[in-house]
Structures are given as C-alpha cells and as structure tokens.
Amino acid sequence: MKRRLLAIIAILLVSALVFVVYYINTRSQRDLHFKTTDVVIGDDDLDISYGHDTARLTIYMFATYNCRHCRAFLDQDLPIIQSCYIDSGWVRLVIKPIDLGGNRDMMSALQLAGCMNRDGMADDIIELLMTEPSAVYSDEFRGLIDDIINSNPELAECLVADDFAYIKKNNALFSATHSKVTPIFVIAGHLYKGRRKIDQFRKVIDYELNK
C-alpha cells in the first residue's frame, strides 16, 4: 500500500514537472511570437554572413532589398546587434536574399552581391541595394552586368551559374516556411516574422542564447 502511494506521488510530481516545463516553453513562445519550423536551412558560399562560423547561435535572415523593413533592419539594427553579439563571437547573422517575383534584373543584382561578397568585394553593390534598389532595373546597371561578364570570367561564371540557382533555392526555402512577409528570421528551428523593435529583437536573441 505504501509503495503504491509513493508511486502515485512520484507520477504526480513528474506530471507536475512536465506541465511546468510545457507552460514555460509555451509562455516563451507566446511572449516572443514565434513558430516552430522543420525547414532545414544551411549555409551557402554566396550567403552574406556577419560573424564567426564558431558562433554559438546562427540567425538566418531571408530578405529582399525591395522591402523597406529589411533595409531598415540592416541599416539601423544590424550595427547594434553586431556590437552587442556578433563582434563578441556569440552570434552569426546569415543573410539569404530572395526575389519571389523572379525579376531577372533583381536576381542578377542579388547573385552578383553574393558572388562579389564571396571574394570580399561586395561593399559597393550592397550599398547600392541598400540605398537605391530600383537602380538595378536601369539600363546603366544592365550595362554594368554586361561589362562584368565580358571582363571577369570567374565572376561571370558565378553570376550566371545554373540560371540563378542560389536565389531560386533561397526563394524555395522562404516559400517552405509559409511566410508572407519579409524579413523573416529562422533561429534554431524557430521562425520569427517581420522586423521588431531592437529591444524586442535583443530579447529574442537572449532567449535563443540561453534556452
């Protein structure tokens, strides 16, 4: 009888512990407004990455330069995140550019940014995409693309590789998350949609680092 009572008490304690853990986890999910995702995301040579490969936490960001919230995050929030988390080696941010419209001018610009970033030469193209993304639809930019193809065989090969397979892969990964807005952030199997105020995004990072 005593053993049976102890067994019942043990079961109740375990059940209570499971409930507490579940409540804490679901409360964090409600407070931080994220969803779980089974979309597997890996690194690519053309990703624009900030931070060290050994960082404790990797944040994958899907963004389009046509999105003002994406540009605002990169312009205003990224410098703060870099000084607080990236430079210290805690966090790595990996940007995966997308263009769901399939516009060849924009896809050329995004692919070019990735190719040039791989070779450490992307500052000018990224600055253009940040400040004047509509410029990629101009004849002048198309002429620049043609000049690159004619004068730099290695960069040209990367630029036209597999008909923008890199951007198309990013598009497919983004679509697999069933998101409708940009930017989105995928962190350790959690999906965060949209740009947040920097203090709220820092809470997200702190939660993911300490969970």
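Every value quoted in this text rests on a predicted model; they were computed, and no experiment measured them.

Visitor: Which residues make up the pattern of salt bridges, and what values go with them?
Guide: In total, this model carries 10 salt bridges according to the counting rule given. Across the salt bridge formed by Asp53 and Arg92, the nearest N and O atoms sit 3.8 Å from each other. Highlighted residues: Asp53 in the loop between strand S2 (48–50) and strand S3 (57–63) and Arg92 in strand S4 (residues 91–97), separated in sequence by 39 residues. By relative accessible area, Asp53 is classed as exposed at 68%. Across the pair Arg118 and Asp119 runs a salt bridge, and its minimum N-O distance is 3.6 Å. Within the structure, one salt-bridge network assembled from shared partners comprises Asp43, Asp53 and Arg92.

Visitor: I'd like to hear about the nonpolar core, residue by residue, with values.
Guide: Counting residues in each nonpolar core, the largest one holds 51 residues, and the members touching the most others are Met61, Leu112, Ile125, Leu129 and Ile205. With 8 residues, helix H3 (residues 104–118) is the single largest residue contributor to this core. Beyond its immediate stretch of four places on either side in the chain, Ile205 contacts Leu57, Ile59, Ile81, Tyr85 and Val91. Core analysis: the second largest hydrophobic core is formed by 11 residues, Val39, Ile41, Leu173 and Phe174 among them.

Visitor: Describe the state of the cysteines, listing the residues and the values that go with them.
Guide: By definition, a disulfide links the sulfur atoms of two cysteines through a covalent bond. A complete count under the given rule lists 1 disulfide for this structure. The disulfide partner of Cys115 is Cys158, and the gap between their sulfur atoms is 2.0 Å. One disulfide, between Cys115 and Cys158, carries an S-S torsion of -90 degrees and so falls in the left-handed class. Here the residue Cys115 occupies a position in helix H3, and Cys158 occupies one in helix H6 (residues 153–159), the gap between them amounting to 43 residues. You'll find Cys115 and Cys158 in the same group, each marked buried.

Visitor: Kindly report on the packing of aromatic side chains, identifying the contributing residues and their values.
Guide: As enumerated under the stated definition, the model contains 6 aromatic pairs in all. Between Phe62 and Phe174, the ring centres sit 6.3 Å apart and the planes meet at 50 degrees, which makes this aromatic pair tilted. Here Phe62, found in strand S3, pairs with Phe174, found in helix H7 (residues 165–176); they are 112 residues apart in sequence, far enough to count as distant. One aromatic cluster in this structure is built from Phe34, Tyr192 and Tyr207.

Visitor: Run through the side chain of Gln111, naming residues and quoting values.
Guide: By the element assignment, Gln111 lies in helix H3. Discounting residues that sit within four places of it in the chain, Gln111 has contacts with Leu46, Cys158, Leu159, Ala161, Phe164, Tyr166 and Ile167.

Analysis parameters
Residues numbered from 1 in each chain as written. Predicted model: local features only at pLDDT ≥ 70, side-chain atom pairs only at ≥ 80, totals over all residues. Heavy atoms only, no water. Salt bridge = Lys/Arg side-chain N within 4 Å of Asp/Glu carboxyl O. Helix = DSSP H or I, 4+ residues; strand = E, 2+ residues; numbered from the N terminus. Buried < 20%, exposed > 50% of the residue type's maximum accessible area, 1.4 Å probe, protein only. Core = buried A, V, L, I, M, F, W, Y, C linked by side-chain atoms within 4.5 Å. Contact = heavy atoms within 4.5 Å. Disulfide = S-S within 2.5 Å. Phe/Tyr/Trp six-rings, centres within 6.5 Å; stacked < 30°, edge-to-face > 60°.

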